Every structure is written in structure tokens, then in C-alpha cells.
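As a plain string of letters, each chain reads:
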Amino acid sequence: MATIFNRFCTDKNAFINPCDTTKYVSGFPEVCITTFSEIIIKDFIEQNKSGIIANLYSANGILPVYEIEYAGKKMGLFLSRVGAPACAAGLEEIIAMGAKKIILFGCCGVLDQSRVGNKIIIPSSAVRDEGTSYHYAAADEEINADRSSIDLTVQCLEKHKIPYVIGKVWTTDAIYRETQEVIEERKAQGCIAVEMEGAASLAVAGFRNIPMIQFFYGADNLDSDRWEPKDLTDYGKKCGNKYMTIALECGAIF
């Protein structure tokens, strides 16, 4: 078992490929935005002109892919399922449909309140404490975000005077196994936040040669004597318009 994650196969031709399950969509938007909050997407769709151009299918149900327009540019918008494997599968299928660039955002747990505060988090790298990324990138403790994508996100946030912090995040598969011991280990590594999909998303994007912008917003706080849920169950609703605007502004210049 100790050797499984160290045996990365570089062959891009798998037994089942995304194109075997997903049809290419003619005229599919080059830039696609995705988040994990159904509330944020529903609110945006209700307030803006959109149309369904495709669907993502699974036993969990059907997820529509919307075509939207911002600053004269057509983009895709879809919901990602929570968890690295499900998120990665959705990204694979969106890329198979024709997406060339992806913007992904979502909430995270704060590990360093003094650095994060109420700032937008731009991941510089992610600790790979999950399994999916090891099927898309050679074994290593961390995976780095693309520098040009970081710079573009910074450019967008500074233009609109939105506070941000760049730092390492921790991607884990098991939210109910974030023990105090492990939290302290990750903080000692320099992690400022914890989430579930960052490392896998970066790995999929790198494997498929797709530029990806990622940013996170703090929800619950793990940097205290006791867990503080804060806005975790708000699912981004309170500031959803702000997060969508950041994604749209990034998409306009991506």
C-alpha cells in the first residue's frame, strides 16, 4: 500500500476517458467559472441572463452548465460537487466539453486568523493530503499554483481594492479527521487555510494543460481553542455577489 501513490502513470490514455462519457459542445465558452455553493449560483442565475448549454450527470443528480455573459465575454458557469474525486470528475468533463480556462472558488477553514482575517485567499500551493491528485501528478508533498494565474488574480483584486493574502493551503479528504495534532503540523508547514479540492483541481488542470485561477474565502475558524463555525453554513450567500464579481472580473481578463 505504501507504494501506490508513488506509482504515477504518465499515460494520458486511460481505460475510460472523459471523451468516452462526455460529448464536445460546439461553441462552448473558453472560460468557465465554478464554485461549490449552490446558493451563489442560483442567486446569480436568478438575477442575470443565462441559458443552459450542457449538463453534468451523476447518480447524485444533474448539474446544469450555464452560459453567461460579462463585459461582453461569454463564459460558462457550473456547480462543482464537494470533495476532490467528484470535483475532479466534473472538471474533466467540462474540459472535454471544450473549456480552455477555469476559475474555481469556494470556502475554506482558516488556520491563521492573523494573516487571513477577512481577506480573499489566493493559494500559492496546496499540501496533498488527499488521493486524487496523485493520479494526475507525480508524488510530492505539495503542488504549486501557476504563477501567471496568481498574478492575474492579484491584478484583479488590487484593481478593485479587495484585500487578499497569498499562501499555502491544506487539501484534505477527511473533514472530520482534522485533529488538533494534524492542524498544528499543517500550521507549522505554513498552511493558512484548509479545504478539500484545491490540490486535486490544480493537478487536473496541470495534467490537461488548462490554466486555472483559484481563490478561497474564509468560512469557519480553526485557529482558536475551540472550533468556530462562523459563516460555514451560510454557503457564501452573504457575500456571494462579491465572490462572483471577483470571478467574473478575473474571467474578463483571463
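The written sequence of each chain sets the order in which its residues are numbered from 1. Two thresholds apply to this predicted model, a pLDDT of at least 70 for residue-level local features and 80 or more for giving and counting side-chain atom pairs, whereas whole-chain, interface and lining totals are computed over all residues. The basis for every side-chain value is the complete set of non-hydrogen atoms in the structure, without hydrogens or water.

A.B. asks: So what exactly am I meant to see when it comes to the overall build of the chain here?
C.D. replies: In terms of helices and strands, the chain carries 8 helices and 10 strands. A radius of gyration in this sense is built from C-alpha atoms; the matching globule rule multiplies 2.2 Å by the number of residues raised to 0.38. Over its C-alpha atoms the chain spans a radius of gyration of 18 Å, differing by no more than 12% from the 18 Å that the globule rule assigns to 254 residues. Summarising its shape, the C-alpha atoms of the chain cover approximately 50 × 45 × 35 Å along the three principal directions. Type-normalised accessible area, obtained with a 1.4 Å probe on protein chains alone, sets the label of each residue: buried when under 20%, exposed when over 50%, and partly exposed for intermediate values. Evaluated residue by residue, the chain yields a buried proportion of 50% over its 254 residues. Note on areas: Shrake-Rupley with a 1.4 Å probe; residue coverage comes only from the protein chains shown. Of the roughly 12,700 Å² of accessible surface on the chain, a fraction of 52% belongs to carbon and sulfur atoms. Every helix listed is a DSSP run of H or I at least four residues long, and every strand listed is a run of E at least two residues long, numbered separately from the N terminus.

A.B. asks: Would you mind going over helix 3 (residues 84-97) with me for this structure?
C.D. replies: Since the α-helix advances by 3.6 residues per turn, residues separated by three or four positions end up pointing in the same direction. A helix's residues, less one, multiplied by 1.5 Å, set its expected span. An ideal rise of 1.5 Å per residue puts 20 Å on 14 residues; helix 3 measures up with 20 Å between its terminal C-alpha atoms. In terms of burial, helix 3 is a largely internal element, 11 of the 14 residues being buried. Those residues of helix 3 not exposed but buried are Ala84, Cys87, Ala88, Gly90, Leu91, Glu92, Glu93, Ile94, Ile95, Ala96 and Met97. Gly98 sits one or two residues past helix 3 and shows a positive phi near 135 degrees.

A.B. asks: Please explain helix 2 (residues 38-47) as it appears in this structure.
C.D. replies: Residues of helix 2 that are buried: Ile40, Ile41, Asp43, Phe44 and Ile45. Buried residues in helix 2 make contact with strand 1 (31-35), strand 3 (61-70), strand 4 (73-79), strand 5 (101-110), strand 10 (212-221) and helix 8 (240-253). Residues count as neighbours in contact if any of their non-hydrogen atoms are within 4.5 Å of one another.

A.B. asks: Could you clarify how one ought to interpret the pattern of salt bridges in this entry?
C.D. replies: Once the charged atoms of two side chains with opposite charge are near each other, the side chains can pair. The term salt bridge refers to a side-chain nitrogen of Lys or Arg lying within 4 Å of a carboxyl oxygen of Asp or Glu. Overall, the coordinates contain 13 salt bridges when judged by the stated rule. Notably, a salt bridge pairs Lys42 with Glu38, separated by 3.9 Å at the nearest N-O pair. Placement of the pair is Lys42 and Glu38 together in helix 2, with a separation of 4 residues, close to one helical turn. Accessibility expressed as a relative area gives 46% for Glu38, which makes it partly exposed. Between Arg186 and Asp129 there is a salt bridge, with the nearest N and O atoms lying 3.8 Å from each other. Remark: Asp129 occurs in strand 6 (residues 120-129) and Arg186 occurs in helix 6 (residues 180-189); sequence separation between them is 57 residues. Judged by relative accessible area, which is 14%, Arg186 ranks as buried. Here the salt bridges share partners, and the residues they tie into one network are Asp129, Glu185 and Arg186.

A.B. asks: How should I be thinking about the pairing of strand 9 (residues 191-195) in this particular structure?
C.D. replies: Burial runs high along strand 9: 5 of the 5 residues are buried. Strand pairing is assigned whenever DSSP identifies at least 2 bridges connecting the two strands. Taken together, the 2 bridges between strand 5 and strand 9 define a ladder with antiparallel strand orientation. Bridging across to strand 9, Val110 finds its partner in Ala193. Bridge analysis of strand 8 (residues 164-172) against strand 9 gives 4 bridges, and the strand direction is parallel. Bridged to Thr171 within strand 9 is Glu195. With the strands aimed away from the viewer, a crossover counts as right-handed if its path from the first strand over the helix to the second runs clockwise. In the classification by handedness, the crossover that spans strand 8, the intervening helix 6 and the parallel strand 9 is right-handed.

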